[in-house]
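If you want the building blocks of each chain, they are given just below.
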Amino acid sequence: MDTQGVTADPQLQQFIEVESQKQRFQQLVHQMTDVCWEKCMDKPGPKLDSRTETCFVNCVERFIDTSQFILNRLEQTQRGRGSLSETMSD
Amino acid sequence: MDGFGSDFSSGAAGSGKMDPGTIMEQVKVQIAVANAQELLQRMTDKCFKKCVGKPGGSLDNSEQKCIAMCMDRYMDAWNTASRAYNSRLQRRERDLTTQLSAALPVPPENRRKRLWSKVYQARATWQ
């Protein structure tokens, strides 16, 4: 089996990148559905009412905001202060 | 993703062929299976928590009804989250391209191409 040929194939390379990206998306949706279910869902009813649906949409947005916030602050910390524990005492 | 490696190699070894098209199809199927398994696992967990109180000798009628509704609501929730996340990604991409176009005068063709490739690269890192 020519493993060198398989990994050098540009078509396969692109396929791997595209599928990996799709999987990251899927995984995040699984995770957010899970987390937001805990926050937004009371008793499962015959349909998803608009208040619950809005809660889910907000939840997704805030989850991404949180992730972004954490990354930004971590970057600031490493750039300016040097140690994470310094900022933790704020 | 269990089963990912094992099914894969046995198929390829048997035929002696490593046609990229076949590989890609097999991989797609296994990814789809893994996703379905993940969904079912989480759905079962959530619906058990919501619908089953103190476990009895069997699932009574109300528990079964609750579980059935819960499954549908979980799917609704999943689709809502998927749409919301997708919109968010598209919005960030739009914002980035708007920023790029606003910050610069119209560049010549080759420079425009290089800027677009930067957008695509950035998009890839967001996920």
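Under an unreviewed UniProt entry, chain B has the name Mitochondrial import inner membrane translocase subunit and belongs to Acipenser oxyrinchus oxyrinchus. Comment text from UniProt for chain B, heading Sequence similarities (unreviewed entry), reads "Belongs to the small Tim family." The Subcellular location (unreviewed entry) comment attached to chain B in UniProt states, word for word, "Mitochondrion inner membrane".

Going by what an unreviewed UniProt entry lists, chain A is known as Mitochondrial import inner membrane translocase subunit and is assigned to Acipenser oxyrinchus oxyrinchus. Here chain A is described in UniProt, under the heading Subunit (unreviewed entry), as follows: "Heterohexamer; composed of 3 copies of TIMM8A and 3 copies of TIMM13, named soluble 70 kDa complex. Associates with the TIM22 complex, whose core is composed of TIMM22."

1. Some remarks on the interface of chain A and chain B
At the interface, 38 residues of chain A touch 35 residues of chain B. Taken together, the two surfaces of chain A and chain B that pack against each other cover about 3,700 Å², and 63% of this comes from carbon and sulfur. It is Phe25(A), His30(A) and Trp37(A) that lose the most area in chain A upon contact with chain B, and together they represent 18% of the buried surface on that side. Across the contact surface, chain A and chain B share 7 salt bridges. Glu38(A) is paired through a salt bridge with Lys46(B); the nearest N and O atoms lie 2.5 Å apart. Scanning the region where chain A abuts chain B turns up 15 residue pairs in polar contact (both at pLDDT 80 or more). Of all the elements in the fold, those that place two or more residues in the side of chain A that touches chain B are helix H2 (10-40) and helix H3 (50-81) of chain A.

2. Remarks on the packing of H2(A) against helix H2 (residues 20-51) of chain B
Interaxial distance between H2(A) and H2(B) falls to 11 Å at its minimum, and their mutual angle equals 5°. Classed by the angle they form, the pair H2(A) and H2(B) counts as roughly parallel. Across the interface between the two elements, Gln11(A), Leu12(A), Phe15(A), Glu19(A), Gln23(A), Gln26(A), Gln27(A), His30(A), Gln31(A), Asp34(A), Trp37(A) and Glu38(A) from H2(A) touch Pro20(B), Ile23(B), Met24(B), Val27(B), Lys28(B), Ile31(B), Asn35(B), Glu38(B), Leu39(B), Arg42(B), Lys46(B) and Lys50(B) from H2(B). Split by residue class, the contact of H2(A) with H2(B) holds 9 nonpolar, 7 polar and 8 charged.

3. Some details on the UniProt feature "domain: Tim10-like" (unreviewed entry) in chain B
Mapped onto the present numbering, the UniProt feature "domain: Tim10-like" (unreviewed entry) falls at residues 26-86 of chain B. Here residues 26-86 of chain B is 85% helix and 0% strand, with 26 Å between the C-alpha atoms at its ends.

4. Here's the deal with the packing of H2(B) against helix H3 (residues 61-103) of chain B
Residues and elements named next belong to chain B. In contact at an axis separation of 9 Å, H2 and H3 are set at 130° when each is read in the N-to-C sense. When the interaxial angle is binned, H2 and H3 end up oblique. Relative to H3, H2 is oriented so that their crossing is right-handed. For the pair formed by H2 and H3, the contact residues are Leu39, Arg42, Met43, Lys46, Cys47, Lys50 and Cys51 on the first element and Glu63, Cys66, Ile67, Cys70, Met71, Tyr74, Met75 and Trp78 on the second.

5. Regarding the pattern of salt bridges
Where side chains of opposite charge bring their charged atoms close, a pairing between them can arise. Under the definition given, this model contains 13 salt bridges over all chains. We note a salt bridge from Lys46(B) to Asp34(A), for which the minimum N-O separation is 2.8 Å. Taken together, the positions of Lys46(B) in helix H2 and Asp34(A) in helix H2 put the pair across two chains. In this pair, the class of Lys46(B) matches that of Asp34(A), namely buried. With its nearest N and O atoms 2.8 Å apart, the salt bridge here joins Arg88(B) to Asp65(A). With Arg88(B) in helix H3 and Asp65(A) in helix H3, the pair connects residues from two separate chains.

About the cut-offs
Residues numbered from 1 in each chain as written. Chains lettered and ligands numbered in written order. Predicted model: local features only at pLDDT ≥ 70, side-chain atom pairs only at ≥ 80, totals over all residues. Heavy atoms only, no water. UniProt positions renumbered as here; feature names shortened; annotations may be inferred. Contact = heavy atoms within 4.5 Å. Buried area = accessible area lost by both parts, 1.4 Å probe. Salt bridge = Lys/Arg side-chain N within 4 Å of Asp/Glu carboxyl O. Polar contact = N/O pair within 3.5 Å; in protein donor to acceptor, adjacent residues only side chain to side chain. Helix = DSSP H or I, 4+ residues; strand = E, 2+ residues; numbered from the N terminus. Axes fitted to C-alpha atoms, helices over the stretch in contact; angles between N-to-C directions. Parallel < 35°, antiparallel > 145°, perpendicular 65-115°, else oblique. Nonpolar A, V, L, I, M, F, W, Y, C, P; charged D, E, K, R; others polar. Left-handed = near helix turned anticlockwise from the far one by under 90°. Buried < 20%, exposed > 50% of the residue type's maximum accessible area, 1.4 Å probe, protein only.

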